[in-house]
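# Structure assessment
Below, each chain spelled out in residue letters.
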Amino acid sequence: GLGATTCVGGISPAHFLDNPFDDKEISEAELAAFTTDHLERFIANNTNNELTARITATQSAFDLWADCVTDNDAKLAIRKARKLAKKNYREITIPRDVARIEGAFVSAYGEDSPILLEALPNGRSIFQECHDDQVEAKLEVLRLAVTAYQADLVPAIVTLATTLKTNWLTVYAASEASTGATSTTQDGKKMARDNLLLMLFLNLVKLMEIFPRQPEKMPIYMQQHLL
């Protein structure tokens, strides 16, 4: 299983090319709960931006599948999880990453530099105080400042500023979106589910790449009991 910490000798390498998520017994509600939790964990633990491409691909696949969901429990799980993801992104991720970006400006130009005011004209607290629909504009001001002065900043900070805005738009849009389009054909629903399961498998492969021989890292990103 995903949480296994031991390996039985003699298992063929081909075994690891099987997708453990391809299980017909996983219900829509379970898949919704697992994926929303998993995406939130990926976003919250993406400090080096190694998971950004996987987050984008998985969120896209999840949104397509979510629009096909018919199970009421699954739809409720999706709505609750999306609202929680948005809340956590605003209260945890944005303050943490904006502080990192501010620190990069201070390191490059000093605490009293007008460039810092250009990047954060209202300070960091504005990100906790403004309405949700104003966050994008505030992050764009920060991103433009980082881009303008990127020659004096480490590349990771430039990437972080862009990713911070992109991921906020993703979780905000998901939180505001409705789910459960019933007009989708059965074939379309199956294709959407199969694609989402593939994205989850590729995320597992990515974690293998980042954390070889470190099975203790898995619960940080995937909660098997939700399935």
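A few points on the structure. On a predicted model such as this, the values are computed, not experimentally measured, just so you know. (Residues numbered from 1 in each chain as written. Predicted model: local features only at pLDDT ≥ 70, side-chain atom pairs only at ≥ 80, totals over all residues. Heavy atoms only, no water.)

## Brief notes about the side chain of N19
By the element assignment, N19 lies in the segment before helix 1 (28–44). Polar side-chain contacts of N19 include one of 2.9 Å to the backbone nitrogen of F21. Engagement of the side chain of N19 in a polar contact is seen with the backbone oxygen of L197, the distance being 3.0 Å. When sequence neighbours within four positions are dropped, the list of residues in contact with N19 reads L197, L198 and F201. (Helix = DSSP H or I, 4+ residues; strand = E, 2+ residues; numbered from the N terminus. Polar contact = N/O pair within 3.5 Å; in protein donor to acceptor, adjacent residues only side chain to side chain. Contact = heavy atoms within 4.5 Å.)

## Let's talk about the packing of aromatic side chains
Applying the stated rule across the entire model yields eight aromatic pairs. Seen in terms of ring centroids, Y109 and Y149 are 5.8 Å apart; in terms of plane orientation they differ by 75°. Their pairing is edge-to-face. With a gap of 40 residues between them, Y109 in helix 3 (residues 72–109) and Y149 in the loop between helix 6 (132–148) and helix 7 (155–176) connect regions that are remote in the sequence. A relative accessible area of 25% places Y109 in the partly exposed class. These aromatic residues form a ring-pair network of at least three members: F42, F211 and Y221. (Phe/Tyr/Trp six-rings, centres within 6.5 Å; stacked < 30°, edge-to-face > 60°. Buried < 20%, exposed > 50% of the residue type's maximum accessible area, 1.4 Å probe, protein only.)

## Notes on the nonpolar core
As a rule of thumb, soluble globular proteins bury nonpolar side chains together. Counting 57 residues, the largest nonpolar core has F21, W65, I94, I101, F105 and V146 as its most contacted members. If we skip the residues at most four places from it in the chain, V146 touches I101, F105, L153, I157, V158 and A161. (Core = buried A, V, L, I, M, F, W, Y, C linked by side-chain atoms within 4.5 Å.)

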